[in-house]
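What follows is each chain in one-letter form.
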Amino acid sequence: MAAGPEVTSDALRKEGAATPMLRVSGLAHRYGDDPGVAAAIEDVSFEIGAGELVCIVGPSGCGKSTLLRAIAGLHEPTSGDVVLHGDRVKGVPDDLAVVFQDYSRSLFPWLSVEKNVAFPLRSRVGRAERRARVAEALADVGLEGQGAKYPWQLSGGMQQRVSIARALAYRPALMLMDEPFASVDAQTRADLEDLVRRVRSEHGMTVLLVTHDIDESVYLSDRVLVLSKSPARVVRTLPVDLPAERDQITTRGSAQFVELRTEVARLLKH
Amino acid sequence: MTATVDAVRERATPARGRRRTTSWLAGFAQRWAVFVAAVAVWQVAAASAASAFFPPPSRIAQQVWDGWLVGESGRPLLTDVAIDNLLPSLGRMFGSWLIAVVVGVTLGIALGRSAKALDYVGPLLAFFRAIPPPVLAPVFLLVFNLGTPMQVATIVFGVIWPLILNSVDGARSVDPTQYATARAFRLPRRQWVFGVVVPAALPKVFAGLRVSLSLALILMVISELLGAVDGLGYQLNIAKSSFDFPAMWAVVVLLGVLGYLFNSVLLVVERRVLRWQPGRK
Ligand SMILES: Nc1ncnc2c1ncn2[C@@H]1O[C@H](COP(=O)(O)OP(=O)(O)OP(=O)(O)O)[C@@H](O)[C@H]1O
Ligand SMILES: [Mg+2]
């Protein structure tokens with residue numbers, strides 16, 4: 001964590017000042033081989049520095065999930081490149097975790113909550129370490145004591161937190177989150193937002209998070225990436241120059257915050 | 001945290017346990033009332049008709065007892081006839097079934113995860129499945145002659161198709177999001193196969209196991225009726241040629257009991273293995 005968030009985004013604004021952790025250039029994706037089908041994303045380019053937390057906002061159906069999947073190497077883009085740590089992404093890169101928008105179907109129903117969280121760690125870390133990480137991650141998302149249950153015994157919001165816990169316990173260098181707080185109540189959502197900010201600075205994680213919530217995108221991030229209507233292009237990258245130390249009440253009440261959220265809302269209208 | 005759950009469960013047990021026992025008894029009575037009544041009606045009807053073809057159930061039960069379970073020797077459990085016929089029959093049946101299960105489930109799961117392979121062999125599977133299994137028994141009789149290989153071939157070839165097809169279905173039922181999750185976390189191949197594909201396929205695989213087990217029983221008898229030197233089907237043939245109707249009915253009843261027993265055991269196993277499924281107890 002040599003570079004704080006402000007430093008990183010400053011550096012990125014100066015062209016080519018730092019080698020970015022993630023560079024997406026001219027990315028396009030079209031589902032199926034039929035050239036008549038409209039593209040889901042078209043010519044998306046941006047860069048993210050190590051340790052940055054960037055939010056992606058865009059209209060529903062514009063291609064946010066498609067973009068995240070392409071970055072994760074889950075599908076080959078029709079054209080363009082994703083470069084991670086200087087290497088072109090072909091297939092899923094190591095050291096990356098995804099919180100899927102479809103959280104309930106990304107959990108394995110035959111595994112208890114605990115085992116779901118531990119599952120990706122089985123081949124990577126020893127039993128004791130695994131147990132400690134699972135307990136910590138479940139406590140972090142407010143699910144201590146729920147580990148022995150099966151996912152279907154939990155509410156939607158709780159299942160969503162299990163899938164967040166699974167990604168946290170994995171401790172990836174790059175975390176991709178697709179509307180990770182969509183099904184939880186306002187208070188839990190605020191707690192989870194603060195959790196993501198805390199964890200990324202504790203573990204030096206780089207986070208790319210898709211959200212529908214304009215306020216959330218500003219509160220959480222170092223930069224907001226605003227996407228256009230389908231097919232997605234980057235409308236603007238908006239630096240969020242709020243202090244690194246943020247608070248749900250004072251930060252959201254500040255004039256600077258209100259100005260930024262108005263700007264994002266204005267950009268989304270385009 | 002497991003401790004708390006267990007403690008809660010333990011405290012809840014006594015009262016709920018008693019209630020569960022009585023409701024289990026009630027359920028048991030409800031399920032078997034019609035069966036018992038039917039046997040009683042059969043007993044009365046057969047006794048009053050006094051037909052040589054249809055001995056009363058009591059006479060059949062007597063025959064099962066004497067011929068298969070205890071006999072004149074007074075040695076409990078199994079008679080010599082049973083040891084010489086029941087055990088070979090069951091051995092061939094379960095041996096063949098297990099071969100079919102290992103080959104069929106492995107093949108089915110592999111095919112289910114490979115769309116291309118399935119495109120090639122799909123029509124072949126559909127064709128083989130459409131062949132009524134018993135018609136192959138005479139063919140195998142000519143190929144292998146009388147004896148165990150012919151019976152094993154008949155059973156394996158007859159029961160393997162529902163196993164393959166159900167396993168294919170099961171392996172294909174892995175949710176695309178689960179597949180993406182497995183890839184995103186870069187699960188090793190072993191963990192993907194045994195930790196995701198197999199558990200996802202298990203409900204369907206169990207459906208295949210049940211169908212194939214009852215088919216195996218049927219084919220075991222058919223293959224023995226056609227040609228064998230021992231076995232339940234062979235005993236049925238002997239009884240037939242000596243017009244010993246109680247002995248014939250005894251074999252029929254024995255087969256019914258065995259079929260019921262095997263299915264029940266498999267259901268218990270299934271319930272344990274698929275405990276994780278929502279709505280299961
Ligand atoms: N598997 C698929 N096959 C074909 N088309 C798809 C597929 N997945 C998504 N699409 C199409 O691609 C476009 C973008 O979808 P995507 O899921 O990326 O949008 P999104 O921005 O994540 O939407 P939301 O905010 O509702 O989650 C949509 O028009 C959708 O219909
Ligand atoms: Mg989406």
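Residues numbered from 1 in each chain as written. Chains lettered and ligands numbered in written order. Predicted model: local features only at pLDDT ≥ 70, side-chain atom pairs only at ≥ 80, totals over all residues. Heavy atoms only, no water.

Draft legend 1. Spotlight on the overall build of chain A. A count of helical and extended segments in chain A gives 10 helices and 10 strands. Here chain A has a C-alpha radius of gyration of 18 Å; the compact-globule value for 270 residues is 18 Å, and the two agree. Expressed along its principal axes, the backbone C-alpha trace of chain A runs to roughly 50 × 45 × 35 Å. Buried residues in chain A amount to 53% of all 270 residues. (Helix = DSSP H or I, 4+ residues; strand = E, 2+ residues; numbered from the N terminus. Rg over C-alpha atoms; globule rule 2.2 N^0.38 Å. Buried < 20%, exposed > 50% of the residue type's maximum accessible area, 1.4 Å probe, protein only.)

Draft legend 2. Just the coordination of the magnesium ion (ligand 2), in detail. Looking at the magnesium ion (ligand 2), one finds its protein donor set to be S65 of chain A (OG) and Q101 of chain A (OE1), positioned 1.9 to 2.1 Å from the metal centre. With S65 of chain A in helix α2 (residues 64-71) and Q101 of chain A in the loop between β6 (96-99) and α3 (103-106), the pair connects residues that are 36 residues apart, well separated along the chain. (Donors = N, O, S within 2.8 Å, 3.2 Å for Na, K, Ca; no water.)

Draft legend 3. Quick look at the site of ligand 1. Residues and elements named next belong to chain A. If you check the shell around ligand 1, you find Y31, A40, S60, G61, C62, G63, K64, S65, T66, Q101, E179 and H212 and nothing else. Between ligand 1 and T66, the relevant distance is 2.5 Å, taken from an oxygen atom to a side-chain nitrogen or oxygen of the residue. Contacts to ligand 1 include Q101, whose side-chain N or O atom sits 2.8 Å from an oxygen atom. Considering ligand 1 on its own, with 630 Å² of exposed area, one finds that the protein chains cover 56% of that surface. (Near = heavy atom within 4 Å. Polar contact = N/O pair within 3.5 Å; in protein donor to acceptor, adjacent residues only side chain to side chain. Areas by Shrake-Rupley, 256 points an atom, 1.4 Å probe, with all protein chains shown as cover.)

Draft legend 4. Spotlight on the domain arrangement of chain B. Per the domain assignment, the segments making up chain B are domain 1 (2-50) and domain 2 (73-273). Computed over C-alpha atoms, the centres of domain 1 of chain B and domain 2 of chain B are 30 Å apart. (Domains from an automatic or database assignment.)

Draft legend 5. Local environment of the sheet that holds strand β7 (residues 174-178) of chain A. Residue and element names in this part refer to chain A. Ordered by their spatial adjacency, 6 strands build an open sheet running β6-β7-β8-β3-β9-β10, and the pairing between neighbours is mixed. Edge strands, defined here as strands with exactly one partner in the open sheet, are β6 and β10 (234-239). Recorded for the sheet is a direction-independent mean angle of 15° between the axes of neighbouring strands. Summarising the sheet, β7 and strand β8 (residues 206-210) pair through 5 bridges and their orientation is parallel. Across the sheet, the residue bridging to M175 is V207, located in β8. Running over the sheet, α2 touches β3 (53-57), β6, β7, β8 and β9 (223-227) and is turned about 155° from β7. Across the sheet, helix α6 (residues 156-170) lies against β6 and β7, angled at about 170° from β6, the strand it touches most. (Pairing = 2+ DSSP bridges. Axes fitted to C-alpha atoms, helices over the stretch in contact; angles between N-to-C directions. Contact = heavy atoms within 4.5 Å.)

Draft legend 6. Structural context of the packing of aromatic side chains. Counted under the stated rule, the structure contains 21 aromatic pairs over all chains. Each ring, one from W32 of chain B and one from F35 of chain B, has its centre 5.1 Å from the other, and the planes form 85°; the classification is edge-to-face. Here F35 of chain B and W32 of chain B lie together in helix α1 (residues 2-49), a separation of 3 residues that amounts to about one turn. Linked through ring pairs, F127, F128, F140, F144, F157 and W161 of chain B together constitute an aromatic cluster. R252 of chain A extends its terminal NZ or CZ atom over the ring of Y219 of chain A, reaching a point 4.7 Å from the ring centre. In this structure, R113 of chain B is placed above the aromatic ring of Y179 of chain B, and the distance from its NZ or CZ to the ring centre is 5.7 Å. (Phe/Tyr/Trp six-rings, centres within 6.5 Å; stacked < 30°, edge-to-face > 60°. Lys NZ or Arg CZ within 6 Å of the ring centre and 35° of its normal.)

Draft legend 7. Summary view of the packing of helix α9 (residues 232-241) of chain B against helix α10 (residues 245-273) of chain B. All names here are of chain B. Between α9 and α10, the shortest axis-to-axis distance is 8 Å and the interhelical angle comes to 155°. Between α9 and α10, the angle is such that the two are roughly antiparallel. In this structure, α9 crosses over α10, and the sense of that crossing is left-handed. Contact with α9, carried on its side by L232, Q235, L236, A239 and K240, involves A247, M248, V251, L254, L255 and L258 of α10 and no other residues of that element. Classifying every residue of the contact of α9 with α10 gives 9 nonpolar, 1 polar and 1 charged. (Parallel < 35°, antiparallel > 145°, perpendicular 65-115°, else oblique. Left-handed = near helix turned anticlockwise from the far one by under 90°. Nonpolar A, V, L, I, M, F, W, Y, C, P; charged D, E, K, R; others polar.)

Draft legend 8. Representation of the sheet that holds strand β4 (residues 79-84) of chain A. Residue and element names in this part refer to chain A. Read across the sheet, 4 strands follow the order β2-β1-β4-β5 without closing on themselves; strand pairing throughout is antiparallel. Each edge of the open sheet carries a strand with a single partner, namely β2 (41-48) and β5 (87-88). Where β4 and β5 come together, 2 bridges link them in antiparallel fashion. For L84, the partnering residue across the bridge sits in β5 and is D87.

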